[in-house]
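Residue-level structural notes
Each chain, letter by letter, is given below.
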Amino acid sequence: MMTVLKMTKRSGICFFAAAALCLALSGCGRAESTEASKEEPERFLLTMETFTDGSAMDLAGETAAAVINNTVPGAHVQVSVSKGSPVNAVNVENGSVDLALVRADTAWEAYYGKGAFEGEPKEGLRVLAACYPVLSAWTAKKDSGLIWVHDLKGKTAASGTEGSITDRMSRLAFSAMGISEENTALEPLGLEEGAEWTAEGWVQAAHSFAQVPNPGTPGADASGAEWIFLSYTEEELEAILNAAPWLYRGQLPAGILAGQEEAADTFGMKILLCASADMEEELAYEIAMAMDVNGPVYAGGHAFMSAMLEEEFLCQDLPIPLHDGARRYYEECGYLMEEQEGTAK
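Now for a quick tour of the structure. Note that this is a predicted model, so its numbers are computed, not measured. (Residues numbered from 1 in each chain as written. Predicted model: local features only at pLDDT ≥ 70, side-chain atom pairs only at ≥ 80, totals over all residues. Heavy atoms only, no water.)

**A short note on the packing of aromatic side chains**
A complete count under the given rule lists 11 aromatic pairs for this structure. Ring centres of Y132 and F304 lie 4.9 Å apart, and the angle between their planes is 80°; this geometry places the pair in the edge-to-face category. Of the two residues, Y132 is situated in strand 4 (residues 125-141) and F304 in the loop between helix 10 (295-299) and helix 11 (311-315); the sequence distance between them amounts to 172 residues. You can call Y132 buried: its relative accessible area is 3%. Members of the aromatic cluster, joined through ring pairs, are Y285, Y329, Y330 and Y335. One residue, K270, lies across the ring of Y248, its end atom 4.9 Å from the ring centre. The ring centre of F313 lies 4.5 Å from the NZ or CZ of K270, which sits over that ring. (Phe/Tyr/Trp six-rings, centres within 6.5 Å; stacked < 30°, edge-to-face > 60°. Helix = DSSP H or I, 4+ residues; strand = E, 2+ residues; numbered from the N terminus. Buried < 20%, exposed > 50% of the residue type's maximum accessible area, 1.4 Å probe, protein only. Lys NZ or Arg CZ within 6 Å of the ring centre and 35° of its normal.)

**What about helix 9 (residues 281-293)?**
Because an α-helix completes one turn every 3.6 residues, residues spaced three or four positions apart along the sequence face the same direction. For helix 9, which comprises 13 residues, the first-to-last C-alpha distance of 18 Å matches the rise-based estimate of 18 Å (1.5 Å per residue) to within 8%. Along helix 9, 10 of the 13 residues are buried, which leaves the element largely enclosed by surrounding structure. (Expected span 1.5 Å × (residues − 1).)

**Some details on the environment of T266**
Within the element layout of this structure, T266 appears in strand 10 (residues 264-276). A relative accessible area of 0% means that T266 is categorised as buried. A C-alpha to C-alpha distance of 9.5 Å links T266 and E236, two positions 30 residues apart in sequence. Ignoring anything within four residues of it in the chain, the contact list for T266 reads L135, S136, Y232, L237, Y248, R249, G250, Q251 and L252. In terms of polar contacts, T266 uses its side chain to reach the backbone carbonyl oxygen of S136, at 2.5 Å. (Contact = heavy atoms within 4.5 Å. Polar contact = N/O pair within 3.5 Å; in protein donor to acceptor, adjacent residues only side chain to side chain.)

**Quick look at the pairing of strand 1 (residues 44-49)**
Every regular strand shows the same layout, with side chains that alternate between the two sheet faces. Here strand 1 pairs with strand 2 (residues 75-80) via 6 bridges, running parallel. Paired with M48 across the strands is V79, a residue of strand 2. At this point the chain moves from strand 1, through helix 3 (residues 56-69), to the parallel strand 2, and the crossover so formed is right-handed. Where strand 1 and strand 3 (residues 99-103) come together, 2 bridges link them in parallel fashion. Note that in strand 3 the partner of M48 across the bridge is L99. (Pairing = 2+ DSSP bridges. Right-handed = clockwise from strand over helix to strand, strands pointing away.)

**Quick look at unusual backbone geometry**
The linkage connecting V212 with the following residue, P213, adopts the cis geometry, with an omega of 0°. Turning to its location among the elements, P213 is positioned in the loop between strand 7 (205-210) and strand 8 (227-229). Unlike most non-glycine residues, D317 shows phi in positive territory, near 55°. Its location among the elements puts D317 in the loop between helix 11 and helix 12 (324-333). We classify D317 as partly exposed; its relative accessible area is 29%.

**Description of the nonpolar core**
Side chains of nonpolar character tend, in soluble globular proteins, to be buried together. Grouped together as the largest cluster of nonpolar side chains are 101 residues, with contacts concentrated most on L99, Y132, L247, F267, L273, I287 and Y330. The biggest single contributor to this core is strand 4, with 12 residues. Y132 has contacts with A56, M57, A60, Q211, M269, K270, I271, F304, M305 and F313, leaving out every residue within four places of it along the chain. (Core = buried A, V, L, I, M, F, W, Y, C linked by side-chain atoms within 4.5 Å.)

**A look at the environment of L99**
Turning to its location among the elements, L99 is positioned in strand 3. For L99, a relative accessible area of 0% translates into the label buried. Along the chain, L99 and A65 lie 34 residues apart, while their C-alpha atoms are 9.5 Å from each other.

**Digging into the pattern of salt bridges**
All told, the structure shown has 10 salt bridges when counted by the stated rule. Between E181 and R171 there is a salt bridge, and its shortest N-O distance comes to 3.6 Å. Pair noted here: E181 is in the loop between helix 6 (165-175) and strand 6 (185-187) and R171 is in helix 6, with a separation of 10 residues, a long-range link. Note on E181: relative accessible area 53%, which makes it exposed. (Salt bridge = Lys/Arg side-chain N within 4 Å of Asp/Glu carboxyl O.)

Structural data, given as structure tokens:
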């Protein structure tokens, strides 16, 4: 199978590296001969853990597996579901599996021995590439008069099911702008219910902290309603990011919602493709190359993975270090700023 190369603003060195990999894979321009057949790469198995079957993390894992299978010579990735990021972080760090998808918050806690990993840091956990973002998205009707998240002060908002990550991120964000249950009515609604209540006018806005789009993202309907994402100010984002080192500054692109003409500044966390620091450096290099060059091609069927179109997304603003092999690839491509080369922020 001939690898489809992603043609964007990638630097020349990455283009030629990808072309070389293509040649190794497909025999581009190579005469068919007995000698060529002997050069077929040796097949090897890689195991990967994702999350529950059909979840966004599972779909992203299947996509990453397809990218690796069709780009890294000889690789075959076997994907299995799991009980979630904490289990994945442990299993990939100790070598029980070769690859795993891990949420940025879990990766940070595991690497530094915080939270559920208190006193037991997983210092061998490394990142190969970021797969997709989970973003803070406050949705309101365009005619609501709301523009900023802080405009919700004194109003009614759907902040997420109690105890959920959406609820926790609502409270974290509100703490940076003086909003609390004492001055604002917060309804503990899930993603779809929050969207429904906003459409009916029972709340002024609804929050989701998930992949975008998600089940709570309003779509076009017969009513012709128009929607917007509310934005955070620079000062608010700085305060939020300082409170949680695994978060990063993101953006909700224009055009996701009917009537949404401008992008909205927000924050989020990355879902990371991780490996152990013990993975061979050359293999990590090839996987990073695969995710950069062909990741967006295979991710094209999943709108929530569109961030992979931006090469910086893959390797910047990470909560834990890159694998040495992946770092070498991104350095060669010029994607890493000097202060971010493979180190946690």
